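Chain residues, written in single-letter form:
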Amino acid sequence: MSAKSPIRVMQVMGHMVGGGVEATIMNHYRFIDRSRVQFDFVIDSDSTLVPREEIESLGGRVFVVPPYKHLPQYMQACERLFRQEKPDIVHSNINALSVFPLAAAKKAGIEVRIAHSHSTANPKEHVKTIAKDILRPFSKVFPTDLAACSDDSAKWLFGEKAFREGRIHIIKNAIDLDKYKFDPLVRADMRRSLGVADDQLVIGQVGRFCFQKNQLFTIDVFARFIRMHPDALLVLVGDGELRGQIQQKIEALCLDDKVRILGHRDDVDMLYQAFDILMFPSNYEGLPLTAIEAQIADLPVVMSTKVSKEATIISRLVDRVNLSCSSKQWANECQKICDKSSEHIRGDIVLSEFFKFGYDLRQSALDLERWYWDLFQKRNTDLVLRNSR
């Protein structure tokens, strides 16, 4: 690498489906100084939502490898790619599965290898949890450096000891704060586009249609809620493997005219403005981007206690409910939010709160850039010293 060239960081993304992890990495990519740090992306061939055009417009490249389910082929392809491209840093974002690309990176001679924990696990996902539990003891074997989105996700993958020793670099799921701040004009426009009356209650949920995000439970809660508010509307934003089951449940509960499935959207920041409540009944989470974005938009959130406590930035906006509680109890929590809605004018969130907790994307991108350079320079210094002996 010449003195004027940027550090090349290969972001290992796995199966790209438009989720929160991808949003976090892309958010940082947009704001990082790309004259100093440039990203390339390694994705599985079964990825469905890849922002290839934007990546390439920003100077990055997209490399496709076989799905990690075909492990021998995946490992061979990763090692071959790393040997060929010789990135300065390999940054793996696939949680416990990072063992595999980072083992390939080590074999290929990559000096800086980062394992990044973005989530936790749930015992109810038996097969996934068993696989994660098998891999977790190896999580610190192949990386040279460790990262996580929150304290909980750091401890879950890398252990309490590594966390206490300060070995894990926390990279918050930072956000472009101005983009999500509440705007009453945007609210009016979005509600018009959804065909929603001014006084109609809208409950929203944003996330991939999967066990983790728990949309099936949201539908149960909504079925209870409309007994109190017959005109209410549920808006589900996203897509995924459970879409068929979700649609079947909506039909079985005769909610067809009460629920909208919008699919994957690029205007989620504006949809938050239209919602009155955000549902977040996740079965497990690290530090979810969606919950933070909603609070910036001054949108009340009803979230499960499985979500990291670090996701609560504005306490008056967040109601945490145990998943052992019934759908009726969750609906009652939504009703409490409705009862409190007249107590403040939406839009009075002070963005300095999010600056204080490290959620400003511009600052976070600068911090990430500095960290990459520190790691790169340290490893290259070590190389020089070793070669001079």
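A brief structural summary.

Rules used throughout
Residues numbered from 1 in each chain as written. Predicted model: local features only at pLDDT ≥ 70, side-chain atom pairs only at ≥ 80, totals over all residues. Heavy atoms only, no water. Helix = DSSP H or I, 4+ residues; strand = E, 2+ residues; numbered from the N terminus. Rg over C-alpha atoms; globule rule 2.2 N^0.38 Å. Buried < 20%, exposed > 50% of the residue type's maximum accessible area, 1.4 Å probe, protein only. Contact = heavy atoms within 4.5 Å. Areas by Shrake-Rupley, 256 points an atom, 1.4 Å probe, with all protein chains shown as cover. Lys, Arg positive; Asp, Glu negative; His and termini not counted. Charge placed at Lys NZ, Arg CZ, Asp CG, Glu CD. Pairing = 2+ DSSP bridges. Axes fitted to C-alpha atoms, helices over the stretch in contact; angles between N-to-C directions. Parallel < 35°, antiparallel > 145°, perpendicular 65-115°, else oblique. Left-handed = near helix turned anticlockwise from the far one by under 90°. Nonpolar A, V, L, I, M, F, W, Y, C, P; charged D, E, K, R; others polar. Salt bridge = Lys/Arg side-chain N within 4 Å of Asp/Glu carboxyl O. Phe/Tyr/Trp six-rings, centres within 6.5 Å; stacked < 30°, edge-to-face > 60°.

With that out of the way, let us pick up the overall build of the protein. Along the backbone of the protein there are 16 helices and 13 strands. The C-alpha atoms of the protein give 22 Å as radius of gyration, which agrees with the globular expectation for 389 residues (21 Å, within 12%). A principal-axis box enclosing the C-alpha atoms of the protein has dimensions of 75 × 40 × 40 Å. Residue burial in the protein is summarised as follows: out of 389 residues, 53% are buried. Partitioning the contacts of the protein with sequence separation of at least 6, the portion at a separation of at least 24 is 69%. Carbon together with sulfur atoms contributes 52% to the accessible area of the protein, which is approximately 17,600 Å² in total. Between the averaged position of the 53 positive side-chain charges in the protein and that of its 51 negative side-chain charges there is a distance of 6 Å.

The strands making up a sheet are joined through hydrogen bonds of the backbone, oriented either antiparallel or parallel. A sheet is described by the order of its strands in space; here 7 strands give the open sequence 3-2-1-4-5-6-7, paired in parallel fashion. If you trace the sheet from one side to the other, it starts and ends with strand 3 (62–65) and strand 7 (168–170), each paired once. Taking the axes of each pair of neighbouring strands and ignoring which way they run, one obtains an average angle of 25 degrees across the sheet. As paired elements, strand 5 (residues 112–117) and strand 6 (residues 145–148) share 4 bridges and run parallel to each other. Across the sheet, the residue bridging to Ile114 is Asp145, located in strand 6. Of the strands in this sheet, strand 1 (7–14) and strand 2 (37–44) touch helix 1 (residues 20–31), which is tilted by about 155 degrees from strand 2.

Taken in spatial order, the 6 strands make up an open sheet running 10-9-8-11-12-13, and their pairing is parallel. Strands with a single pairing partner mark the edges of an open sheet, and in this sheet they are strand 10 (259–263) and strand 13 (318–321). Across this sheet, the average inter-strand angle for adjacent strands is 20 degrees, counted without regard to direction. Pairing between strand 8 (residues 202–206) and strand 11 (residues 277–280): 2 bridges, direction parallel. By the bridge assignment, Gly204 is partnered in strand 11 with Leu278. Those strands touched by helix 11 (residues 243–252) are strand 9 (233–237) and strand 10, and its axis lies near 165 degrees from that of strand 10. The strands touched by helix 14 (residues 327–340) within the sheet are strand 8, strand 11, strand 12 (301–304) and strand 13, with strand 12 carrying the most contacts at an inclination of about 155 degrees.

Let us now look at the packing of helix 10 (residues 215–225) against helix 11. Remark: helix 10 packs on helix 11, axes separated minimally by 10 Å, with the N-to-C direction vectors making an angle of 15 degrees. Here helix 10 is positioned roughly parallel relative to helix 11, judged by the angle of their axes. Every pair of crossing elements has a handedness; the one defined by helix 10 and helix 11 is right-handed. In this structure, helix 10 contributes Gln215, Leu216, Ile219 and Asp220 to the contact, and helix 11 contributes Gln245, Ile246, Lys249 and Ile250. In terms of residue class, the contact of helix 10 with helix 11 is made up of 4 nonpolar, 2 polar and 2 charged.

To continue, consider the pattern of salt bridges. Pairing of side chains with opposite charge becomes possible as their charged atoms draw close. Counted according to the given criterion, the structure contains 24 salt bridges. Notably, a salt bridge pairs Arg83 with Glu79, separated by 2.9 Å at the nearest N-O pair. Remark: Glu79 and Arg83 occur in helix 3 (residues 71–85); sequence separation between them is 4 residues, near one turn of the helix. Classification of Arg83 as partly exposed rests on a relative accessible area of 40%. For Glu79, a relative accessible area of 16% corresponds to the buried category. Salt-bridge contacts for Lys356 lead to Glu353; the nearest nitrogen and oxygen are separated by 3.6 Å.

Two descriptors summarise a pair of aromatic rings, namely the distance from one centre to the other and the angle between the planes of the rings. Inspection of every chain in the model, using the stated rule, returns 9 aromatic pairs. Geometrically, the ring pair formed by Tyr29 and Phe39 is stacked, given 4.9 Å between the ring centres and 15 degrees between the ring planes. Here Phe39 lies in strand 2 and Tyr29 lies in helix 1, a separation of 10 residues in the sequence. With respect to burial, Tyr29 and Phe39 carry one shared label: buried. Seen in terms of ring centroids, Phe39 and Tyr372 are 6.1 Å apart; in terms of plane orientation they differ by 85 degrees. Their pairing is edge-to-face. In this pair, Phe39 sits in strand 2 while Tyr372 sits in helix 16 (residues 361–388), placing the two residues 333 residues apart along the sequence. Note on Phe39: relative accessible area 1%, which makes it buried. Exposure remark for Tyr372: the relative accessible area of 0% places this residue in the buried category. An aromatic cluster of at least three residues, connected via ring pairs, comprises Tyr29, Phe39, Phe41, Trp371 and Tyr372.

The next subject is unusual backbone geometry. The phi dihedral of Lys86 falls on the positive side, at around 50 degrees, and the residue is not glycine. Mapping Lys86 onto the fold places it in the loop between helix 3 and strand 4 (89–92). A relative accessible area of 61% means that Lys86 is categorised as exposed. Phi angles above zero are rare outside glycine, and Asn214 is one such case at about 65 degrees. Mapped onto the elements of the fold, Asn214 is located in the loop between strand 8 and helix 10. Judged by relative accessible area, Asn214 falls into the buried class, the value being 14%.

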